[in-house]
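Each chain is listed here by its residues.
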Amino acid sequence: MKCGLFYVLECTDGQYDRAYKEMLEQIQYAEELGFGSVWLAEHHFTDYGSMPSPQVAAAAISQVTKTMDIGMGISILNFDNPVRIAEDFAMVDILSNGRLKFGAGRGYQPIEFKKLGIPMENSREVFWEAVDIIQGLWANDTFSYQGKHFQLDDVKLTPKPVQERVPFYYACISPETFDYMVERGAQEFMCTPTLMVMDELLQYIKSTRDRLLLKGVNPKIHMNLQMNIADSPEQAIKNVEKEMEMYFDRVLALVPGARGEKAAKGYERFAEVAEQMSGPVDVGMLNEAGIVLLENSKAAVDKLELIEQAGVDSLSCWFRMGGMEHRKVMKTMKLFAQDVLPYFRPTSAPQKVEQ
């Protein structure tokens, strides 16, 4: 299982220059430590995230790294013209010499749709049209498309990606989206224990993988997981308690149905989870449910092995959450690299990183 980093990059103090600089420093250090990828999330209009254009961040990362895969976790296809998205990420693939792993989703925060003037009600059908267009543009010299929401006539993409086929990961976090993966014959998809506890999520991953194998597809499966590694789970919880409370307070205020309004069709599961998690955040409970991973190194290895056995072959470690201090992020990255990462490298025996 290949391990990397993940960034929403909350910036609660508005010092974006500091946040971007620290992120680039952390990513460079992670590559030195042996992490194999970095994944970026797109968000708009709140301090929950500070990457409205993850393709810009990805281009910058491509110039300060040499080997790490650069993944989108995710690019929100509904928020831009799919031709522009295809162009931007083709440039990222070129600048990174073929290291792009594209991740796509339809978004879930009502405030983003509202402020962009985009309806949520038809988000799924718009999303799948955009998927067809991006994949079509990347795969063909010229591409035409006649859909309900988009129409193209003999469009030639300049430039095209370096990779013959850019890995295309679909965001998959609710039970119904796993069925879409099978229906689509998805070669790659990504998930996170946001709308399901870990045991339930792993069952869906196994079942979906088995169903895809029956269709002749051997999928690549990526998971994103908030985590902290310390000498004990109690210390790990203490390390991130303030940051995780901040994170969950913010995200639960942004999901569909959070303010008592009716969730748009297709987003009902978000509203159900927001209602279930109303009230003070219990970080220990989240850890017990597997929604986060706050453990000592040995327990972390044991739990991650179960994730790997379920069929997950790449993992992004969400170390920097809730605006966590730079030094704390660097410390937990180093500890993970020393005591956990060696168990998931493609070598015959674990080899610890020199301190």
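What counts and what doesn't
- Residues numbered from 1 in each chain as written.
- Predicted model: local features only at pLDDT ≥ 70, side-chain atom pairs only at ≥ 80, totals over all residues.
- Heavy atoms only, no water.
- Helix = DSSP H or I, 4+ residues; strand = E, 2+ residues; numbered from the N terminus.
- Contact = heavy atoms within 4.5 Å.
- Areas by Shrake-Rupley, 256 points an atom, 1.4 Å probe, with all protein chains shown as cover.
- Lys, Arg positive; Asp, Glu negative; His and termini not counted.
- Charge placed at Lys NZ, Arg CZ, Asp CG, Glu CD.
- Axes fitted to C-alpha atoms, helices over the stretch in contact; angles between N-to-C directions.
- Parallel < 35°, antiparallel > 145°, perpendicular 65-115°, else oblique.
- Phe/Tyr/Trp six-rings, centres within 6.5 Å; stacked < 30°, edge-to-face > 60°.
- Buried < 20%, exposed > 50% of the residue type's maximum accessible area, 1.4 Å probe, protein only.
- Lys NZ or Arg CZ within 6 Å of the ring centre and 35° of its normal.
- pLDDT = per-residue confidence, 0-100.
- Polar contact = N/O pair within 3.5 Å; in protein donor to acceptor, adjacent residues only side chain to side chain.
- Core = buried A, V, L, I, M, F, W, Y, C linked by side-chain atoms within 4.5 Å.
- Expected span 1.5 Å × (residues − 1).
- Left-handed = near helix turned anticlockwise from the far one by under 90°.
- Nonpolar A, V, L, I, M, F, W, Y, C, P; charged D, E, K, R; others polar.

A. Quick peek at the overall build of the protein. Across its full length, the protein carries 12 helices and 12 strands. Counting only C-alpha atoms and orienting by the principal axes, one finds that the protein spans roughly 60 × 50 × 45 Å. Within the protein, counting contacts between residues at least 6 apart in sequence, those at least 24 apart form 71% of the total. Per element, the accessible surface of the protein, about 15900 Å² overall, is 49% carbon and sulfur. Charged side chains in the protein number 37 positive and 50 negative. The centres of these two groups are separated by 2 Å.

B. Expanded view of the side chain of Gln109. Examined against the element boundaries, Gln109 turns out to sit in the loop between β5 (100–105) and α4 (110–116). Apart from residues lying up to four places away in sequence, Gln109 is in contact with His43, Tyr48 and Leu254.

C. The packing of helix α2 (residues 54–64) against helix α3 (residues 82–95), seen in detail. Relative orientation of the contacting elements α2 and α3 amounts to 10°, with a least axis distance of 9 Å. As the angle between them shows, α2 and α3 are arranged roughly parallel. Across from Gln55, Ala58, Ala59, Ser62 and Gln63 in α2, the residues of α3 making contact are Asp88, Phe89, Val92 and Leu95.

D. Highlighting the packing of aromatic side chains. Within this structure, the stated rule accounts for 24 aromatic pairs. Look at Phe102 and Trp138: their rings are 5.4 Å apart centre to centre, the planes differ by 85°, and that puts the pair in the edge-to-face class. In this pair, Phe102 is assigned in strand β5 and Trp138 in helix α5 (residues 123–139), connecting sequence segments 36 residues apart. Just as Phe102 is buried, Trp138 falls in that class too. An aromatic cluster is present here, built from Phe89, Phe102, Phe127, Trp128, Trp138, Phe168, Tyr170 and Tyr180 joined pairwise through their rings. Between the NZ or CZ atom of Arg106 and the centre of the ring of Tyr267, over which it lies, the distance is 4.2 Å.

E. Seen up close, the environment of Ala86. Mapped onto the secondary structure, Ala86 falls in helix α3. The sequence separation of Ala86 and Phe102 amounts to 16 residues, and the corresponding C-alpha distance is 10 Å.

F. Broad picture of the confidence of the model for the protein. Residues with a pLDDT of 70 or more make up 97% of the protein, whose mean pLDDT is 93. Low pLDDT (under 50) marks residues 347–355, which in the prediction has 13 contacts with non-local residues, meaning those over four places away or in another chain.

G. Expanded view of the environment of Ser50. Assignment of secondary structure puts Ser50 in the loop between β2 (37–40) and α2. Note: C-alpha distance between Ser50 and Leu9 (41 residues apart in sequence) is 5.7 Å. A distance of 2.5 Å separates a polar side-chain atom of Ser50 from the backbone oxygen of Leu9.

H. Quick peek at the nonpolar core. Judged by nonpolar contacts, the single largest core of 126 residues is most densely connected at Phe248 and Phe336. The element contributing the most residues to this core is α5, with 9 residues. Apart from the residues within four sequence positions on either side, Phe336 is in contact with Cys3, Phe35, Met227, Ile229, Leu304, Cys317, Phe319, Leu341 and Pro342.

I. Quick peek at helix α12 (residues 326–339). When the terminal C-alpha atoms of α12 are compared, their 20 Å separation across 14 residues agrees well with the 20 Å that a helix rising 1.5 Å per residue should span. Regarding α12, the residues found buried are His326, Val329, Thr332, Met333, Phe336, Ala337, Gln338 and Asp339. Close packing links the buried residues of α12 with β1 (2–7), α1 (16–33), β10 (220–229), α11 (297–309) and β12 (314–318).

J. How the structure looks around unusual backbone geometry. Ile74 follows Gly73 through a cis peptide bond whose omega is 20°. For Ile74, the position within the fold is in the loop between β3 (69–72) and β4 (75–76). Even without a glycine there, the phi angle at Leu9 is positive, about 65°. Backbone geometry at Phe45 places phi at a positive 80°, although glycine is not the residue there.

K. Quick peek at the packing of α3 against α5. α5 packs onto α3 with a crossing angle of 45° between their chain directions and a minimal axis gap of 9 Å. Between α3 and α5, the interaxial angle falls into the category oblique. For the pair α3 and α5, the sense of crossing is right-handed. On the side of α3, the interface is formed by Pro82, Val83, Ile85, Ala86, Phe89 and Ala90, while α5 contributes Ala130, Ile133, Ile134, Leu137 and Trp138. When grouped by side-chain class, the residues that make up the contact of α3 with α5 number 11 nonpolar, no polar and no charged.

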